[in-house]
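# Observations on the three-dimensional arrangement
Single-letter residue listing:
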Amino acid sequence: TLRQEFDEHDTPETNYIVITDDVLPVATCRLYALSADSAMIGRVVVLPDYRGTGLGRRVMEEAEAWLRDLGYRTAVIESRDVAVGFYEKLGYTVTDGAVIRGETFDCIRMEKQLPEQMRE
């Protein structure tokens, strides 16, 4: 349900990325701090009709760039077990292999060290 899509991490401090086509949101994610140097990229979603178009990669690259701009050094994601390969292609590694059991699907915690922000 829509109510299940929001939780304690949806606060005024949470950042969101939404990619739209001409009218509708088609890809999204949210970003929130875990510590002074790490942040979670969560709720990564691309609508089924738009999968395979590069939007998943694009939303992740934008999220990582934003986190670097905010000073974070580590990006964390809890990937659905069926999407681990996608995140591995983006440079994420499984942190401990433990499965996080959810009500609707299982997830695997993954991390990526973000390169330092380039200086001009």
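Before reading on, note that the structure itself is shown above.
Residues numbered from 1 in each chain as written. Predicted model: local features only at pLDDT ≥ 70, side-chain atom pairs only at ≥ 80, totals over all residues. Heavy atoms only, no water.

What follows concerns the packing of aromatic side chains. Counting across every chain of the model gives 2 aromatic pairs. With 4.9 Å between their ring centres and 75 degrees between their planes, F86 and Y87 make a pair best called edge-to-face. Residue classification places F86 among the partly exposed positions, given a relative accessible area of 32%. Overall, the relative accessible area of 6% leaves Y87 in the buried class. Pairing Y87 with Y92 gives two aromatic rings, centres 6.1 Å apart and planes at 80 degrees, and the pair type is edge-to-face. Considered together, Y87 and Y92 belong to a single accessibility category, that of buried residues. Through a chain of ring-to-ring contacts, the aromatic side chains of F86, Y87 and Y92 assemble into a single cluster. The cationic tip of R80 hangs over the ring face of F105; the distance from NZ or CZ to the ring centre is 4.1 Å. (Phe/Tyr/Trp six-rings, centres within 6.5 Å; stacked < 30°, edge-to-face > 60°. Buried < 20%, exposed > 50% of the residue type's maximum accessible area, 1.4 Å probe, protein only. Lys NZ or Arg CZ within 6 Å of the ring centre and 35° of its normal.)

Moving on to the nonpolar core. Grouped together as the largest cluster of nonpolar side chains are 24 residues, with contacts concentrated most on I41, M60, L67 and Y92. Here this core takes 5 residues from helix α1 (residues 55-69), the largest share from any one element. For M60, the contacting residues outside a window of four places in its chain are I41, V44, I77, F86, Y87, L90 and Y92. (Core = buried A, V, L, I, M, F, W, Y, C linked by side-chain atoms within 4.5 Å. Helix = DSSP H or I, 4+ residues; strand = E, 2+ residues; numbered from the N terminus. Contact = heavy atoms within 4.5 Å.)

Here we come to α1. Counted at 1.5 Å a residue, the expected span for α1 with its 15 residues is 21 Å, and the 21 Å between its end C-alpha atoms agrees. Considered for burial, the residues of α1 that qualify are L55, G56, V59, M60, A63, E64 and L67. In this fold, the buried residues of α1 make contact with β1 (15-20), β2 (25-33), β3 (38-46), β4 (74-80), α2 (84-89) and β6 (106-113). Directly after α1, the chain includes G71, whose backbone phi takes a positive value near 95 degrees. (Expected span 1.5 Å × (residues − 1).)

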